[in-house]
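So you can see what is in the structure, the chains are spelled out below.
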Amino acid sequence: MAEFSKRNLINKLLRAGPVLLLYISVLNEFDFNYLNYISFNFTFILIFYWTLRRSESLGYGHIFIAGLINDVVVGFPIGISSFNYLLICGFSAYLRTITLRPNLIKDWFFFLLTITVVISLQYSILHLFFSIDLNYFSLFKNIFLTFFFYIVFANIFIIYQKSIFREI
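Visitor: Please give an account of the packing of aromatic side chains that cites residues and values.
Guide: Aromatic ring pairs are defined here through the distance separating the ring centres and the angle between the ring planes. Taken as a whole and assessed by the stated rule, the structure comprises 21 aromatic pairs. Relative to Tyr150, the ring of Phe48 lies with its centre 5.7 Å away and its plane at 75°, an arrangement referred to as edge-to-face. Here the residue Phe48 occupies a position in helix H3 (residues 42-53), and Tyr150 occupies one in helix H7 (residues 136-164), the gap between them amounting to 102 residues. One exposure class covers both Phe48 and Tyr150, and it is buried. Aromatic pair Phe91 and Phe110: ring centres 6.1 Å apart, planes at 55°, arrangement tilted. Here Phe91, found in helix H5 (residues 80-98), pairs with Phe110, found in helix H6 (residues 104-130); they are 19 residues apart in sequence, far enough to count as distant. For Phe91, a relative accessible area of 18% puts it in the buried group. Members of the aromatic cluster, joined through ring pairs, are Phe40, Phe42, Tyr49, Trp50, Phe148, Phe149, Phe153, Phe157 and Tyr160.

Encoded structure:
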């Protein structure tokens, strides 16, 4: 009986992996977005992939709260990250609705459009309303590396999804 409950608990934790990874990625102080040479936004990748491929894995409430936590950790005005995360959810829901046959390459290029719009809106709002200076080189580097690493993490998430959820 104890063996069954241990296995059941581990299975529940593995199925909650995307939500746990979301909270870990917004709570950690070592953010991928603020490294010197490599700057990419892992949370954008995580939210886009899981709301596109398995929307029930991440709830919109979890995404909103994770955005508020990210604002506190990073020091942005409250609500900016939540707005961005929910905007990414909107883009991925649109793509999920219009897609008949999922294709990783098409998703990848739609992700480029998504992060370009979201990051542009984020930095425009931060610059116009809160007078935060912009470094355009780091902005373009962040967009490019986030786009590049999407394909890497998407393949890792596909392996995870096949092994845990027995899908795809």
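Visitor: Describe the packing of H3 against H7, and please don't skip the residues or the numbers.
Guide: The geometry of H3 relative to H7 is characterised by a closest axis approach of 10 Å and an angle of 50° between their N-to-C directions. With respect to H7, the element H3 is oriented oblique. Note that H3 runs across H7; the crossing there is right-handed. Residues Phe42, Ile45, Leu46, Phe48, Tyr49, Trp50, Leu52 and Arg53 of H3 touch H7, and the partners they reach there are Thr146, Phe149, Tyr150, Phe153, Ala154, Phe157, Ile158, Tyr160 and Gln161. Grouping the constituent residues of the contact of H3 with H7 by class yields 14 nonpolar, 2 polar and 1 charged.

Visitor: Break down H3 for me, citing the residues and quoting the values.
Guide: In this model H3 runs 17 Å from its N-terminal to its C-terminal C-alpha over 12 residues, within 8% of the 16 Å that 1.5 Å per residue would give. Most of H3 is tucked away: 11 of the 12 residues are buried. Turning to H3, its buried residues are Phe42, Thr43, Phe44, Ile45, Leu46, Ile47, Phe48, Tyr49, Trp50, Thr51 and Leu52. Of the surrounding elements, those touching the buried residues of H3 are helix H2 (17-27), helix H4 (60-74), H5, H6 and H7.

Quick notes on the rules
- Residues numbered from 1 in each chain as written.
- Predicted model: local features only at pLDDT ≥ 70, side-chain atom pairs only at ≥ 80, totals over all residues.
- Heavy atoms only, no water.
- Phe/Tyr/Trp six-rings, centres within 6.5 Å; stacked < 30°, edge-to-face > 60°.
- Helix = DSSP H or I, 4+ residues; strand = E, 2+ residues; numbered from the N terminus.
- Buried < 20%, exposed > 50% of the residue type's maximum accessible area, 1.4 Å probe, protein only.
- Axes fitted to C-alpha atoms, helices over the stretch in contact; angles between N-to-C directions.
- Parallel < 35°, antiparallel > 145°, perpendicular 65-115°, else oblique.
- Left-handed = near helix turned anticlockwise from the far one by under 90°.
- Contact = heavy atoms within 4.5 Å.
- Nonpolar A, V, L, I, M, F, W, Y, C, P; charged D, E, K, R; others polar.
- Expected span 1.5 Å × (residues − 1).

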